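# Geometric and topological summary
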Amino acid sequence: MSFLKDSAIVSDALQAYFQDSLRSDKPVINQQEMGSLIEKFGLQQHISNGDLEGGQLKQFLDNYLDSTTRLHHPAYLAHQVASPHYAGALASLVDGFTNNPMAIYEMGPGAAAIEYFMINWLLEKAGWKAAPVGPNKSINKDCGAGVLTHGGSLANTTALIAARSRLVPDVWQQGNPPDLALLAPAESHYSIGRAAGILGIGSDSLYALAVDNRGVIIPDRLPQALQRLRDSGKRPLALVANACSTALGIYDPLDEIGHFCRGEDIWFHVDGAHGASALVSKKYRHLLQGVEMADSLIWDAHKLMRTPTVCAALLVRDGRTLDNAFQQDASYLFHDKLQPGFDFIHRTVECTKAGLGLRLFMVLGALGEKGMEDYIDRQYDLAREAYPFIASQADFYCPAEPQSNIICFRIEGDDSLQLEIRNRLMAQGSFYLSTANVDGKRYLRIALMNPATDLQVIMALIESVRLARAEIESGL
Ligand SMILES: *Cc1c(COP(=O)(O)O)cnc(C)c1O
C-alpha cells in the first residue's frame, strides 16, 4: 500500500506550503482562469490513467497548492474562515480515512462520544446545563442539547425548525399555518432569510427590526415591531439577533433583547456563527451578556476556533426542543435499541454526517483551552489596536469602532474606487480583503483570522490602499 509514501508526499508539500505562506513568499490569492487550471491539473489524464501517486501526485499537488487561497498568509484578511491549526487538518484526515458517519452511534461510537462531549463543553460556555453522559432516555430533562452541523447556515435552519415545532407542534402533520412570521434585523446573515424561505415563511412575513446606523438592534423599538407583526394577524416564530453581525462584526444587546423575548414568550435565536467564540474569553465574553436567555444559539468552530471547514454547532437551552424538532421516522435507523451511546440523527437534517467533533476537539486538545482563549483575545485585541491607527489617517474613515476582529474602513473616494482598489490588491496577490455595504455605502473590510497577522501587516495594507488609489487616479 502506498499510503505511507503518498501521505509523506502530502505532508512534505503542506509543510512547505505553510512556510511559504507564513513568509509571504507566495501570493495570498492567485486567481487563475478556470479552464487553464483544469488543463494544468491534468484532471482527465489522471482519471483516464489512474496514476495519481508518487511523482504524479507530487506534481499535481504542487499545481493544486499553487492555485489555493492561502489562509496561513499574514495578508489573508478577507473572510471569516479559520486559518486552521494543523491538528484540525489531521483530524480531517483521520475522519476521512475512518469515515464513520456518527449520526447513529453504531456507525461511530468514538466520533459520537466526542460530539456529545464537545456539545456539552459548548453548552457550558453559553451558560447552559450540560446533558448527563448516560443512557438515552433521561438525557434532556432540564438541560441543554445540541448537534454539530455542516455549517452555520444549516445550524440556523435547524434552529428555526426547532422553533417552529415548539410553536406549532402538529406542523409535521398539518403543514404551516398561514400566520407565521419572523423578527430579524435586515443585517442578518442571508441564511436566515433563506431558512425562512425553506420553511415556507415568505419574505412578506419577515419583519425587520429597527437598528441604529451600525445595524445594531434598538431594544426600545422591539415592542413596536412586535405590534406591527401582530396587527397584521401574525405570530412570531422567533426573534433573531446577531452575535456578531457579519458585515461590521458588532454585537446586538442580547441582555435587553432576551428580557423582551422572555416577557413575550418568543423564541430567541442568537446567530453567533462568528462571534460566539468570544464566550471562551474571560476578557470578551461580556459582549454576549444575556446569551443564556436565548432558546437557541449557533456557533461556528470553523470561524474563530482555528478548526477546518466545516464544523458548526447548534445549541438549545431546553434540550427537548431540539429532540422534538424533526418528527420523521426511518425504521431502519430510528428504533429502540440497546446501545451504550447516543444517536444524533433525530436532531439533524443530515443523515450521513461526518465526525465533525473530532476536528474541533483535536484543535482544542492541541492548543488547550487557554491557548484558544489567548488566540481569541489576541485577534480581538489586534482590532482594537488597528482601529485607532486606521481611523486617525486623514484620508481614511471607519464607520464604527470594532467590537470583534472585524474592521470596516474606506479611503476618500466613491464606492467604485473601493472595489477597484480591492481588485488591484488581489490581482497583485499582496492582500486579500473583502468589502461590505454599511448604511448604504461600500467599505473595505478586514477580518483578522490569522494569528500571524500583526499591526505591521495592517499598516502595510493601509499604505498599499493609498498607493493603489494614487495609481488608479493617475491612470496607471
Ligand atoms: C458565517 C455566518 C453564517 C453562515 O455560516 P456558514 O458556516 O458559513 O454556513 C451565519 N451567520 C453569521 C452571523 C455568520 O457570520
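Above this text sits the structure in question.
Before going into details, it helps to say that this report is about the structure given with it. Model, not experiment: these values are computed from the prediction.

### Digging into a nonpolar patch on the surface
The grouping of F3, L4, Y86, L90, L93 and F97 at the surface amounts to a nonpolar patch, some 660 Å² of accessible area in total. No other element matches the 4 residues that helix α5 (residues 86-98) contributes to the nonpolar patch.

### Some points on the layout of surface pockets
Once rolled over the atoms, a probe with the size of a water molecule shows which space is left empty. There is about 1100 Å³ of room inside the largest pocket. What lines the largest pocket is a set of 29 residues, and nearest its centre among them are L14, H72, Y86, A89 and L90. Ranked by residue count, the leading element in the lining of the largest pocket is helix α1 (residues 3-22), at 8 residues. Broken down by class, the residue content of the lining of the largest pocket amounts to 18 nonpolar, 10 polar and 1 charged.

### Description of the pattern of salt bridges
Applying the stated rule across the entire model yields 24 salt bridges. Notably, a salt bridge pairs D95 with R359, separated by 3.5 Å at the nearest N-O pair. With D95 in helix α5 and R359 in helix α14 (residues 356-391), this pair connects stretches of sequence that are 264 residues apart. As a salt-bridge pair, R424 and E471 come within 2.8 Å of each other at their nearest N and O atoms. Highlighted residues: R424 in helix α15 (residues 415-428) and E471 in helix α16 (residues 455-473), separated in sequence by 47 residues. Taking relative accessible area as the criterion, R424 reaches 22% and is therefore assigned partly exposed. Classification of E471 by relative accessible area gives partly exposed; the value is 22%. Through salt bridges with shared partners, a single network forms among D20, R23, D25 and K26.

### Digging into the site of the ligand
In the vicinity of the ligand there are 15 residues, among which G152, S153, D271, D300 and K303 approach most closely. Here an oxygen atom of the ligand sits 2.7 Å away from a polar atom, N or O, in the side chain of S153. One of the side-chain nitrogen or oxygen atoms of K303 is found 2.9 Å away from an oxygen atom of the ligand. Here the ligand, which alone exposes 380 Å², has 86% of that area covered by the protein. Elements represented by at least two residues in the shell around the ligand include exactly α7 (152-167) and α12 (301-304). Considering every element that reaches the shell around the ligand, the biggest residue donor is α7, with 3 residues. Grouping the constituent residues of the shell around the ligand by class yields 2 nonpolar, 10 polar and 3 charged.

### Here we look at the packing of aromatic side chains
One pass over the full model with this rule turns up 12 aromatic pairs. Between F60 and Y64, the aromatic rings sit 6.0 Å apart at their centres with planes inclined by 25 degrees, giving stacked as the arrangement. Separated by 4 residues within a single helix, F60 and Y64 lie in helix α4 (residues 54-66), roughly one turn from each other. Residue classification places Y64 among the partly exposed residues on the basis of a relative accessible area of 38%.

### Remarks on α16
Given a rise of 1.5 Å per residue, 19 residues ought to cover 27 Å, and the 27 Å separating the end C-alpha atoms of α16 matches this to within 8%. When we look at burial in α16, the residues that qualify are L455, V457, I458, L461, I462, V465, A468, R469 and I472. One side of α16 holds all its buried residues, which, seen down the axis, span an arc of 160 degrees. Turned more than 90 degrees from where α16 packs its buried face, Q456 and L467 sit exposed. Packing partners of the buried residues in α16 comprise α14, β8 (396-397), β9 (406-411), α15 and β11 (441-447). Two or three places before Q456, at the start of α16, stands the capping residue D454, its side-chain oxygen 3.2 Å from that residue's backbone nitrogen.

### Comments concerning the environment of Q289
Following the sequence through the fold, Q289 ends up in the loop between β5 (268-271) and β6 (296-300). Sequence separation between Q289 and L279 is 10 residues, and the spatial gap between their C-alpha atoms is 9.3 Å. When neighbours within four sequence positions are excluded, Q289 is seen to be in contact with L254 and D255.

### Observations regarding the sheet that holds strand β4 (residues 235-242)
Here we have 7 strands laid out as an open sheet, ordered β1-β7-β6-β5-β4-β2-β3, and mixed in their pairing. Among the strands making up the open sheet, the edge pair consists of β1 (145-149) and β3 (206-209). Direction aside, the axes of adjacent strands within the sheet are offset by 20 degrees on average. Summarising the sheet, β4 and β5 pair through 4 bridges and their orientation is parallel. For A241, the partnering residue across the bridge sits in β5 and is V270. Each of β1, β2 (180-185), β4, β5, β6 and β7 (312-316) touches α7; the most contacted strand, β4, lies at about 150 degrees to it.

### Concerning unusual backbone geometry
Looking along the chain, the bond that leaves A243 and enters C244 is cis, with omega of 5 degrees. Tracing the sequence through the fold places C244 in the loop between β4 and α11 (254-264). Of the consecutive residues T309 and V310, the connecting peptide bond is found in the cis state with omega at -15 degrees. For V310, the location among the structural elements is in the loop between α12 and β7. Its identity as a non-glycine residue notwithstanding, R306 has a phi of 55 degrees, on the positive side. Within the secondary structure, R306 is located in the loop between α12 and β7. The phi torsion at D439 lies on the positive side, around 50 degrees, for a residue other than glycine.

Calculation rules
Residues numbered from 1 in each chain as written. Predicted model: local features only at pLDDT ≥ 70, side-chain atom pairs only at ≥ 80, totals over all residues. Heavy atoms only, no water. Patch = residues over 30% accessible without salt bridge, like charges linked within 9 Å, V, L, I, M, F, W, Y side chains within 5 Å. Areas by Shrake-Rupley, 256 points an atom, 1.4 Å probe, with all protein chains shown as cover. Salt bridge = Lys/Arg side-chain N within 4 Å of Asp/Glu carboxyl O. Helix = DSSP H or I, 4+ residues; strand = E, 2+ residues; numbered from the N terminus. 1 Å grid on protein atoms, 1.4 Å probe; cavity = no way out; pocket = protein on both sides within 12 Å on 5 of 7 lines; lining within 4 Å. Points joined across faces, edges and corners; volume = space filled by probe spheres on them. Nonpolar A, V, L, I, M, F, W, Y, C, P; charged D, E, K, R; others polar. Buried < 20%, exposed > 50% of the residue type's maximum accessible area, 1.4 Å probe, protein only. Near = heavy atom within 4 Å. Polar contact = N/O pair within 3.5 Å; in protein donor to acceptor, adjacent residues only side chain to side chain. Phe/Tyr/Trp six-rings, centres within 6.5 Å; stacked < 30°, edge-to-face > 60°. Expected span 1.5 Å × (residues − 1). Arc of directions from axis to C-beta. Contact = heavy atoms within 4.5 Å. Pairing = 2+ DSSP bridges. Axes fitted to C-alpha atoms, helices over the stretch in contact; angles between N-to-C directions.

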